[in-house]
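Residue strings, one per chain:
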Amino acid sequence: METILVLTHADESGAALTKASLEAVTAGKELAARLNAALTIGIVAANGSAAAEAVASAGARLLAVSGADFAQARFASDAAACEALCRTAGATIVLAPGSSRFTRVAAAVAHRLGGLVDTHITAIGGKESVEATRWFYRQRVEAVLTRKAQPWFLLLDSGTHAAFAGEPAAVTVEEVAVELPALRTTVTGLRAPSQGAETIRPDAKLLFVAGAGWTKKQPDGQTHTAEAAELILGLLGATSASLGSSKSLVDQGSDGQPVLPFLTHLNQIGQTGATPRHAKGLATCCHGEEPHVVGWRFIGERRAVSLDANCGWSRGKADVVYVADAFQVIARLNAKLDSAKP
Ligand SMILES: Cc1cc2nc3c(=O)[nH]c(=O)nc-3n(C[C@H](O)[C@H](O)[C@H](O)COP(=O)(O)OP(=O)(O)OC[C@H]3O[C@@H](n4cnc5c(N)ncnc54)[C@H](O)[C@@H]3O)c2cc1C
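In every chain, residue numbers begin from 1 and rise along the written sequence. For a predicted model such as this one, the threshold for reporting local features is a pLDDT of at least 70, and the threshold for listing and counting side-chain atom pairs is 80 or more; totals across whole chains, interfaces and linings nevertheless cover every residue. Values shown for side chains rest on all heavy atoms present in the structure; no hydrogens or waters enter the calculation.

**Student:** Residue-level account of the side chain of serine 242, with values.
**Tutor:** Put simply, DSSP H or I for four residues or longer makes a helix, DSSP E for two residues or longer makes a strand, and each gets a number counted from the N terminus. Positionally, serine 242 belongs in strand 11 (residues 242–245). The rule is simple: take the accessible area with a 1.4 Å probe, protein chains only, and divide by the maximum for that residue type; under 20% is buried, over 50% is exposed, in between is partly exposed. Given a relative accessible area of 4%, serine 242 falls into the buried group. The term polar contact refers here to a pair of N or O atoms within 3.5 Å; inside protein, the definition further demands a hydrogen-donor-capable atom paired with an acceptor-capable atom, and it admits residues adjacent in sequence only when both atoms are side-chain atoms. Among the polar contacts made by the side chain of serine 242, one reaches the main-chain amide nitrogen of arginine 201 at a distance of 2.8 Å. Once residues within four sequence positions are removed from consideration, serine 242 is found in contact with Thr199, Ile200, Arg201, Pro202, Ala204, Leu206, Leu207, Phe208, Leu236 and His278. The contact rule is simple, with two residues in contact once any of their heavy atoms fall within 4.5 Å.

**Student:** Outline the sheet that holds strand 10 (residues 206–210), supporting the account with residue identities and numerical values.
**Tutor:** Strand pairing requires that DSSP identify at least two bridges connecting the strands. Taken in spatial order, the five strands make up an open sheet running 11-10-12-13-14, and their pairing is parallel. Each edge of the open sheet carries a strand with a single partner, namely strand 11 and strand 14 (320–323). Shown here is a sheet whose adjacent strand axes are inclined to one another by a mean of 20°, direction ignored. Pairing of strand 10 with strand 12 (residues 280–284), which is carried by five bridges, proceeds in the parallel orientation. Helix axes are fitted to C-alpha atoms over the stretch in contact, other axes to C-alpha atoms as well, and angles between N-to-C directions run from 0 to 180 degrees.

**Student:** How would you explain the site of the ligand if you had to name every residue and give the values?
**Tutor:** In the region of the ligand, 28 residues are neighbours, and Ala212, Lys216, Gln218, Ser246 and His287 sit closest. With respect to the ligand, the side chain of histidine 292 contributes an N or O atom lying 2.8 Å from an oxygen atom. Values of accessible area rely on a 1.4 Å probe in the Shrake-Rupley scheme; residue burial ignores everything except the protein chains shown. Expressed as a share of its isolated accessible area of 990 Å², the protein-covered part of the ligand is 77%. Elements represented by at least two residues in the shell around the ligand include exactly helix 6 (247–251), helix 7 (290–293), strand 13 (301–306) and helix 9 (326–339). When residues are grouped by polarity, Ala, Val, Leu, Ile, Met, Phe, Trp, Tyr, Cys and Pro land in nonpolar, Asp, Glu, Lys and Arg in charged, and all others, Gly among them, in polar. Across the shell around the ligand, the residue classes break down as ten nonpolar, 13 polar and five charged. Nearness is judged by heavy atoms alone; a residue qualifies as near a molecule or strand once a single heavy atom is within 4 Å of it.

**Student:** Break down the environment of leucine 145 for me, citing the residues and quoting the values.
**Tutor:** Position of leucine 145 relative to the elements: it lies in strand 7 (residues 141–145). Sequence-wise, leucine 145 and glycine 125 are 20 residues apart; in three dimensions their C-alpha atoms are separated by 9.9 Å. When residues no more than four places from it in sequence are discounted, the contact partners of leucine 145 are Asp118, Val130, Glu131, Ala132, Arg134 and Trp152.

**Student:** For the pattern of salt bridges, give the residues involved together with the corresponding values.
**Tutor:** Salt bridge, as applied in this entry: a Lys or Arg side-chain nitrogen positioned within 4 Å of an Asp or Glu carboxyl oxygen. If you walk through the whole model with that rule in mind, you get eleven salt bridges. We note a salt bridge from arginine 112 to glutamate 83, for which the minimum N-O separation is 3.0 Å. On the criterion of sequence distance, the pair formed by arginine 112 in helix 4 (residues 100–112) and glutamate 83 in helix 3 (residues 75–89) is long-range, its members being 29 residues apart. On the accessibility criterion, arginine 112 (38% relative accessible area) is partly exposed. Judged by relative accessible area, glutamate 83 falls into the buried class, the value being 17%. Notably, a salt bridge pairs lysine 341 with aspartate 338, separated by 3.2 Å at the nearest N-O pair. Within this structure, Lys19, Glu23 and Asp203 form a network of salt bridges that share partners.

**Student:** Hey, could you go over the packing of aromatic side chains for me, with residue numbers and the actual values?
**Tutor:** Centre distance within 6.5 Å is the pairing criterion for rings of Phe, Tyr and Trp, where only the six-membered ring of Trp is used; planes under 30 degrees apart are then read as stacked, over 60 as edge-to-face, and the remainder as tilted. Taken as a whole, this structure holds three aromatic pairs when the rule is applied. Pairing tryptophan 296 with tryptophan 313 gives two aromatic rings, centres 4.8 Å apart and planes at 65°, and the pair type is edge-to-face. One end of the pair, tryptophan 296, is in the loop between helix 7 and strand 13; the other, tryptophan 313, is in helix 8 (residues 313–317), with 17 residues separating them in the sequence. The class for tryptophan 313 is buried, based on a relative accessible area of 0%. Definition used: whenever NZ (Lys) or CZ (Arg) falls within 6 Å of the ring centre and also within 35 degrees of the ring normal, the charge is taken to sit over that ring. Stacked on the ring of phenylalanine 136, the Lys or Arg arginine 134 has its end atom at 4.4 Å from the ring centre. If you follow arginine 277 out to its NZ or CZ, it ends over the ring of phenylalanine 298, 3.9 Å from the centre.

**Student:** Which residues make up a nonpolar patch on the surface, and what values do they have?
**Tutor:** Two distance rules govern patches: like charges are joined within 9 Å, and nonpolar side chains (Val, Leu, Ile, Met, Phe, Trp, Tyr) within 5 Å, applied only to residues with over 30% relative accessible area and no salt bridge. Together, Phe136, Tyr137 and Val141 make up a nonpolar patch on the protein surface, roughly 310 Å² of accessible area in all. Within the element layout of this structure, valine 141 appears in strand 7. The partly exposed category is assigned to valine 141, whose relative accessible area is 44%.

**Student:** Describe the pairing of strand 8 (residues 152–156), naming the residues involved and giving the relevant values.
**Tutor:** Burial within strand 8 is extensive, with five of its five residues counted as buried. Side chains Trp152, Leu154 and Leu156 of strand 8 all project onto a buried face; the interleaved residues Phe153 and Leu155 project onto the opposite face, where all are buried too. Relative to strand 8, strand 4 (residues 93–97) runs parallel, the two sharing five bridges. Pairing of isoleucine 93 across the sheet is with tryptophan 152, part of strand 8. Note that strand 5 (residues 116–125) and strand 8 share four bridges and pair parallel. Each residue of the ladder has a partner; that of aspartate 118, found in strand 8, is leucine 154.

Right under this line is the structure:
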């Protein structure tokens, strides 16, 4: 009989679980119901009791490692907290969000417990045993894994499960004591882009992709990089879409060509970039070549605006292709969005 532990952690407030943690709770509940197994939720947070309120109705045993030492991500304290939670729960299967915080410690914790870890899990199936699904070779090959090692840690990709949304309630949590090792790292604070400046928004409904065409010579023989930047930022501001890019466009910075200053390699979508999960995607000034489009694997509905009627998107990679000048299309779209503002 399996004992399932879902490891979760709080967001910056220290008292509320992250969305990815709540997604892991959903995966844990589904798995526990299917295997008829006991479910435990382990919380790492400054205030574990407050964070636990959101999962009060999950029907799980609730464990927490709480306190100021666990307010922020740090290898030594997070690894010690997760290890203590796993030992207390007697877990054979550990599900956790694939957040940077847990991805950093999961392998070490699995090693300390004599277990194994698999990452980027997108689905968990199986009725008698656990079957974990993940993609390999840049989302081209899908594999289903089973393992005998215990505990088996499964780090879940975000966006693959619905976030648990039960009625919040005050709840009693079992506090787990942790003996901390000497802490060599002091977290002095967080430095993040100011709100609104961040262009990568994994939770956005729309992925807006800018391709190299935005900085290429246009029919008038000139480049219009400043206008391109204004149009793209205008659309992002009006729609809160996430900004993706082709490799050619982000590479231009290092090639000394005209660049859009708000783009970095972190925006790159594709084989050597990201594979986000948005409901819809709109590509502009992008050719739609396979190494780029492979990053669109999990985008629900794909549309593209390209001047080239024979581009990769037109050859079956997009649901809708507008053969048009993206400068004109986005300018018209921004004007419509502007006039629709309340
Ligand atoms: C090993 C390897 C890995 C790679 N990994 C990636 C990856 O992860 N991600 C990635 O993106 N690429 C990747 N590439 C590169 C990829 O093959 C393409 O070269 C790249 O995606 C092309 O970018 P693009 O479509 O923006 O540029 P281009 O091919 O230059 O296309 C620009 C397009 O813009 C259109 N255009 C120009 N002006 C306008 C306008 N006003 N309105 C509308 N359309 C306009 C043009 O018609 C053209 O179709 C990889 C390549 C290799 C070899």
